[in-house]
Amino acid sequence: MTISAEKLEVAILAILRHHKGKLEVSMNGQYGWLDLVREHLGEILDPLKIESALKRLRSDGIVCLTQYNPDIGVRFEYRAGESDDRVFFRRWNFEVAITEEGRGYLGGGTRSN
């Protein structure tokens, strides 16, 4: 079965709702995004699909993506075109947090494009 982009985004928002709007995990690690989405949707997805959904939600201002880099001791925000996606989404844990603009989704609001 193919999961639509919108259904994946809704699943990500539901996972964030369950974690009070903020979650810092890896993409592939135990209880990372792959596991959380699989548990929520009942299907294993390509990590690139999850990455794309997170980027769309970020681009729409619904979530903020940040990461702490222990090598330099700094937390930085993901910025399309400026961040190295391979490092950001695959090297360390990263935080996905609902923004003020996205707060309406915490109450069970649905994602519509």
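These figures come from a predicted structure and were not determined experimentally.

1. Things to note about the overall build of the chain
Counting its secondary structure elements, the chain contains 4 helices and 4 strands. Whereas a compact globule of 113 residues would reach a radius of gyration of roughly 13 Å, the chain reaches 13 Å, a difference of no more than 12%. Taken along its principal axes, the extent of the C-alpha atoms in the chain is 40 × 30 × 25 Å. The burial tally for the chain puts 43% of its 113 residues in the buried class. Excluding contacts between residues fewer than 6 apart, the proportion of contacts in the chain whose partners are at least 24 apart in sequence is 59%. Each charge class in the chain can be summarised by its mean position, and for the 16 positive and 17 negative side chains these summaries are 2 Å apart.

2. A word on the packing of helix α1 (residues 5–18) against helix α2 (residues 33–41)
It is the contact of α1 with α2, at a shortest axis distance of 10 Å, that shows an interaxial angle of 105°. As summarised for this structure, α1 and α2 are arranged roughly perpendicular, according to the angle between their axes. Contacts between α1 and α2 involve K7, L8, A11, I12, A14, I15 and L16 on the former and, on the latter, W33, L36, V37, H40 and L41. Its residues assigned to classes, the contact of α1 with α2 comprises 10 nonpolar, 1 polar and 1 charged.

3. Regarding the confidence of the model for the chain
Averaged over all residues, the pLDDT of the chain equals 90, while 94% of them reach at least 70. When pLDDT is averaged over each element of the chain, strand β4 (residues 94–98) comes out on top at 97 and helix α4 (residues 85–90) at the bottom at 88.

4. Looking at the sheet that holds β4
Strand pairing in a sheet relies on backbone hydrogen bonds. The paired strands run either parallel or antiparallel. The strand order across the open sheet built from 4 strands is β1-β4-β2-β3, with neighbouring strands paired in antiparallel fashion. Edge positions in the sheet fall to β1 (22–25) and β3 (74–77), since each has one partner strand and no second. Averaged over all neighbouring strand pairs, the angle between strand axes comes to 20°, with direction disregarded. Note: β1 against β4, 4 bridges, orientation antiparallel. Residue pairing across strands places L23 opposite V96, the latter belonging to β4. Running over the sheet, α2 touches β1 and β4 and is turned about 125° from β1. Contacting β2 (63–69) and β4, helix α3 (residues 47–59) crosses the sheet at an angle of about 115° to β2.

5. Quick look at the pattern of salt bridges
One pass over the full model with this rule turns up 10 salt bridges. A salt bridge links R75 to E24; its shortest N-O distance comes to 3.1 Å. Of this pair, R75 sits in strand β3 while E24 sits in strand β1, and the two are 51 residues apart along the sequence. Residue class for R75 comes out partly exposed when judged on its relative accessible area of 40%. Taking relative accessible area as the criterion, E24 reaches 34% and is therefore assigned partly exposed.

Reading the values: rules and limits
- Residues numbered from 1 in each chain as written.
- Predicted model: local features only at pLDDT ≥ 70, side-chain atom pairs only at ≥ 80, totals over all residues.
- Heavy atoms only, no water.
- Helix = DSSP H or I, 4+ residues; strand = E, 2+ residues; numbered from the N terminus.
- Rg over C-alpha atoms; globule rule 2.2 N^0.38 Å.
- Buried < 20%, exposed > 50% of the residue type's maximum accessible area, 1.4 Å probe, protein only.
- Contact = heavy atoms within 4.5 Å.
- Lys, Arg positive; Asp, Glu negative; His and termini not counted.
- Charge placed at Lys NZ, Arg CZ, Asp CG, Glu CD.
- Axes fitted to C-alpha atoms, helices over the stretch in contact; angles between N-to-C directions.
- Parallel < 35°, antiparallel > 145°, perpendicular 65-115°, else oblique.
- Nonpolar A, V, L, I, M, F, W, Y, C, P; charged D, E, K, R; others polar.
- pLDDT = per-residue confidence, 0-100.
- Pairing = 2+ DSSP bridges.
- Salt bridge = Lys/Arg side-chain N within 4 Å of Asp/Glu carboxyl O.

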